[in-house]
Amino acid sequence: MSGHAKLQASALKVGDVREQVLVENLSRTQIVMYAGASGDFNPIHHDETFATQAAGYPSVFAHGMLTMGLTGRLLTDWLGDGVLTEYGVRFVKQVFPGDTLTAKGTVTAIGADGSVEIEVATVNQNGEPVVAGRAKAVLPR
Amino acid sequence: MAEHEFPVDRSAILTFAAAIGDTNPIYWDEAYAKATPCGGIVAPPTFAIASAHWNPHYVFRGVRKIPARVEEAAPRSEAAARSGGGGNLARVLHAEQRFEYKKPLHPGMRLIVSTRPGKSWEKQGKRGGTLQFSETVTEYRDERGELVLVATSVGVVTAKAVES
């Protein structure tokens with residue numbers, strides 16, 4: 001959880017790492033909650049019959065944007081609220097019910113203006129990357 | 001370029017934060033949020049995606065009759081699904097997503113969302129046959145026309161189910 005105190009860029013250095021467990025044993029309920037919150041009612045994410053018989057997947061799977069949203073928590077918990085200027089990911093592998101996800105952020109650059117760049121990657125319980133990307137933020141100096 | 005409105009709502013932010021398992025009170029506790037440098041409740045970084053609720057052209061929109069859409073999207077058999085072409089919604093996956101933030105999103109903002117197609121390209125995938133990628137660029141502006149956020153989404157149409 002982010003606190004009131006704002007992280008300062010001077011408190012970070014290139015190579016700093018932060019890891020955070022985002023979700024343990026991802027539930028179908030959370031996937032459905034995300035469908036409702038995001039407005040993405042693609043049946044591939046909640047309708048088992050559609051996902052397996054029509055689409056040919058082993059089961060329903062999480063919205064990529066749910067994993068991106070979960071991963072965003074590493075950034076806001078670490079860097080603070082309202083400080084991001086960019087956040088982007090590639091969806092590398094699908095996330096299924098029962099998965100446990102851990103995000104890792106690494107500081108890759110710090111600018112004199114307080115800008116910081118973070119490389120971010122989230123892996124499942126087998127250590128396989130599910131999303132990978134980067135973020136930028138501007139922090140107080 | 002298609003345009004639609006997106007009113008940023010406190011309840012929608014709460015629901016979204018709950019869905020991503022984020023207990024940060026900046027997303028729901030007004031008294032807490034006012035005392036932070038943000039000066040009030042803000043939305044989580046990926047919240048702008050929820051503008052889909054307001055997009056009249058969005059294929060998976062909830063206010064449509066979902067069962068009808070499922071029938072339309074679902075081929076009769078797995079074999080049909082596997083031979084399905086670009087029009088098959090079961091074959092569309094999200095490949096990439098980027099956000100550029102200009103201003104934080106606060107409850108009460110009335111945003112105008114405009115969407116335009118970006119680049120498109122093809123790639124031979126090792127897991128899903130020929131992959132057709134296409135970009136959609138979405139701009140969110142406030143009532144004064146100032147840019148609040150830009151979202152770039154890359155979708156991919158796979159020739160068959162991705163073997164995960």
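What counts, and at which threshold
Residues numbered from 1 in each chain as written. Chains lettered and ligands numbered in written order. Predicted model: local features only at pLDDT ≥ 70, side-chain atom pairs only at ≥ 80, totals over all residues. Heavy atoms only, no water. Helix = DSSP H or I, 4+ residues; strand = E, 2+ residues; numbered from the N terminus. Buried < 20%, exposed > 50% of the residue type's maximum accessible area, 1.4 Å probe, protein only. Contact = heavy atoms within 4.5 Å. Areas by Shrake-Rupley, 256 points an atom, 1.4 Å probe, with all protein chains shown as cover. Pairing = 2+ DSSP bridges. Axes fitted to C-alpha atoms, helices over the stretch in contact; angles between N-to-C directions. 1 Å grid on protein atoms, 1.4 Å probe; cavity = no way out; pocket = protein on both sides within 12 Å on 5 of 7 lines; lining within 4 Å. Points joined across faces, edges and corners; volume = space filled by probe spheres on them. Nonpolar A, V, L, I, M, F, W, Y, C, P; charged D, E, K, R; others polar. pLDDT = per-residue confidence, 0-100.

### Details of the overall build of chain A
Line of reasoning, step 1. When you go through chain A residue by residue, the secondary structure sums to 3 helices and 5 strands.
Line of reasoning, step 2. Listing the helices and strands of chain A from first to last along the sequence gives β-α-α-α-β-β-β-β.
Line of reasoning, step 3. The proportion of buried residues among the 141 residues of chain A is 55%.
Line of reasoning, step 4. Look at the contacts in chain A between residues 6 or more apart in sequence, and 67% of them connect residues 24 or more apart.
Line of reasoning, step 5. Accessible surface computed for chain A: about 5,600 Å², of which carbon and sulfur atoms make up 50%.

### Brief notes about the sheet that holds strand β1 (residues 2–7) of chain B
Line of reasoning, step 1. Judged by pairing direction, the sheet is antiparallel, and its 10 strands sit side by side in the order β1(A)-β3(A)-β4(A)-β5(A)-β2(A)-β2(B)-β5(B)-β4(B)-β3(B)-β1(B) without closing on themselves. A strand with exactly one partner marks an edge of an open sheet, and here the two such strands are β1 (17–23) of chain A together with β1 of chain B. Adjacent strand axes in the sheet meet at a mean angle of 20°, parallel and antiparallel pairs treated alike.
Line of reasoning, step 2. With 10 bridges joining them, strand β4 (residues 129–141) of chain B and strand β5 (residues 147–157) of chain B adopt antiparallel strand pairing. Paired with Thr 136 of chain B across the bridge in β5 of chain B is Ser 153 of chain B.

### Overview of the layout of surface pockets
Line of reasoning, step 1. Its boundaries defined by the atoms lining it, the second largest pocket holds a volume of some 270 Å³.
Line of reasoning, step 2. Looking at the second largest pocket, it is lined by 20 residues, and the ones nearest its centre are Gly 82 of chain A together with Ala 43, Tyr 101, Pro 104 and Leu 105 of chain B.
Line of reasoning, step 3. Of the residues in the lining of the second largest pocket, the class split is 13 nonpolar, 4 polar and 3 charged.

### Examining the confidence of the model for chain B
Residues and elements named next belong to chain B.
Line of reasoning, step 1. On average, residues of chain B score 83 in pLDDT, and 77% of them reach the 70 mark or higher.
Line of reasoning, step 2. Helix α4 (residues 78–83) is the least confidently modelled element of chain B, averaging 36 in pLDDT, while helix α1 (residues 10–19) averages 98, the highest of any element.
Line of reasoning, step 3. Segment residues 65–87: pLDDT under 50, and 35 contacts once partners within four positions in sequence are set aside and those in other chains are kept.

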